[in-house]
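Fold and contact review
Spelled out, the chains give:
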Amino acid sequence: MTDDKSTPVDDTGEELTQAELEDDTAGIQQIDRSEHVEQSKDALVVVDEIYAGYSPEVDILHGADLYAKEGELIGIIGPNGAGKSTLLKSMFGMVRVRQGAIRLRGEQITNLKAHSLVPRGVGYVPQTNNVFGQLTIEENLEMGTYLKPKKFAERFGFVTDLFPVLAKQRKQRAGSLSGGERQMVAMARALMMNPSVLLLDEPSAGLSPMMQDEVFYQTKQINSAGVTVVMVEQNARRCLQICDRGYVLDQGRNAYTASGADLVNDPKVIELYLGTLAKAR
Ligand SMILES: Nc1ncnc2c1ncn2[C@@H]1O[C@H](COP(=O)(O)OP(=O)(O)OP(=O)(O)O)[C@@H](O)[C@H]1O
Ligand SMILES: [Mg+2]
């Protein structure tokens, strides 16, 4: 949305030719939105060409698209700073959307705040600081049902079926838990309100390889229990292996989108986003 009309130049300051301009897409292809428009019609949650950012004059997202059909597990990958967290925050009313729309079951939810989104069925687990360290596991989970306290017992049963360790350690302070356990508390708290769609920002970040496996397994379990999941992951390969569809976000735009299996085997995606480790496997 920035209105930069200056002549495009290369690194040395030379003016770019039209051919160079067309070629110089920095790995970003021109996206044909028709598939998104067609496929997203009956989706549970739809993000349509949104522009959003933190300061009025700078857009971080430049027309990002996303949809998740009921029951899908969606993965969002991309380099650091691509705007992945900003996309989830925009979906949860934490970053102002300047243009474009977000819809849930066809209803406009653009720029609604958490207190309106949670009762509509949107849950969100931020990338960092996602538990109350001073509170016990049980108190953290109670915070999850503050809008419907009578639902606590039923929801506690649901989340502790998924994460049995949380029931056993319910009186323990969240701040004293391991990173993996804290991540469980954060996901469980979001699940306490019985969301239709759960937005997860890098749930495996900072965890040991074993705990990462656990988190991917749990995310799949949550999804199998009927919750639509939109997950951002730095661990791109693992994310694409478990998700139904994936999006590669680059510089605030969709660079690629396909099934997780297609993306993880796509030479361009491997070269640009999955790194040398992926090639070696
Ligand atoms: N609170 C903020 N205020 C201003 N700019 C921000 C803020 N948060 C993020 N940004 C900027 O927005 C851009 C996108 O950040 P974002 O956190 O969405 O990236 P990301 O894809 O989630 O990266 P990472 O993989 O490192 O988590 C970056 O340039 C970042 O510096
Ligand atoms: Mg992020």
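Residues numbered from 1 in each chain as written. Chains lettered and ligands numbered in written order. Predicted model: local features only at pLDDT ≥ 70, side-chain atom pairs only at ≥ 80, totals over all residues.

The next subject is the sheet that holds strand β1 (residues 45–52). Strand order in the open sheet formed by four strands is β2-β1-β4-β5, with antiparallel pairing between adjacent strands. If you trace the sheet from one side to the other, it starts and ends with β2 (61–68) and β5 (107–108), each paired once. Across two bridges, the pairing between strand β4 (residues 97–104) and β5 is antiparallel. Across the sheet, Arg103 pairs through a bridge with Gln108, a residue of β5. (Pairing = 2+ DSSP bridges. Helix = DSSP H or I, 4+ residues; strand = E, 2+ residues; numbered from the N terminus.)

Take the pairing of strand β7 (residues 197–201) next. Within β7, five of the five residues are buried, which leaves the element mostly enclosed by the surrounding structure. Neither face of β7 is left uncovered, since the one carrying Val197, Leu199 and Asp201 and the one carrying Leu198 and Leu200 both have all their residues buried. With four bridges connecting them, strand β6 (residues 122–125) and β7 associate as parallel partners. Across the sheet, Tyr124 pairs through a bridge with Leu199, a residue of β7. As paired strands, β7 and strand β8 (residues 228–232) are joined by five bridges and run parallel to one another. Residue pairing for β8: Val197 is matched across the bridge by Thr228. (Buried ≥ 20, exposed ≤ 12 C-beta atoms within 10 Å, placed from the backbone.)

Our focus in this paragraph is the sheet that holds strand β9 (residues 245–250). Pairing in this open sheet of six strands is mixed, and the strands run β6-β7-β8-β3-β9-β10 from one edge to the other. Looking at strand neighbours, the two that pair on one side only are β6 and β10 (253–259), the edges of this open sheet. Going across the sheet, the axis of each strand differs from the next one's by a mean of 15 degrees, ignoring polarity. Against the sheet, helix α3 (residues 84–91) engages β3 (73–77), β6, β7, β8 and β9, with an angle of about 150 degrees to β7. In the packing of helix α8 (residues 179–191) onto the sheet, contacts are made with β6 and β7, and the angle to β6 comes to roughly 165 degrees. (Axes fitted to C-alpha atoms, helices over the stretch in contact; angles between N-to-C directions. Contact = placed C-beta atoms within 7 Å.)

Our next topic: the confidence of the model for the chain. Looking at the chain as a whole, the pLDDT averages 88, with 87% of positions reaching at least 70. Taken together, the stretch residues 1–6 has pLDDT below 50 and engages in five contacts with residues farther than four places along the chain or on a different chain. (pLDDT = per-residue confidence, 0-100.)

Core analysis: the largest hydrophobic core is formed by 70 residues, its most contacted members being Val185, Ala188, Leu199, Val229, Met231 and Val248. Broken down by element, the residue count for this core peaks at seven residues, all from α8. Setting aside residues up to four positions removed in sequence, Val248 forms contacts with Ile77, Gly78, Ala255, Tyr256, Leu263, Val269 and Tyr273. (Core = buried A, V, L, I, M, F, W, Y, C linked by C-beta atoms within 7 Å.)

So, on to the site of ligand 1. Taken together, Tyr54, Ile60, Gly78, Asn80, Gly81, Ala82, Gly83, Lys84, Ser85, Thr86 and Gln234 form the complete shell of residues around ligand 1. Looking at the shell around ligand 1, its residues break down into three nonpolar, seven polar and one charged. (Near = placed C-beta within 6 Å. Nonpolar A, V, L, I, M, F, W, Y, C, P; charged D, E, K, R; others polar.)

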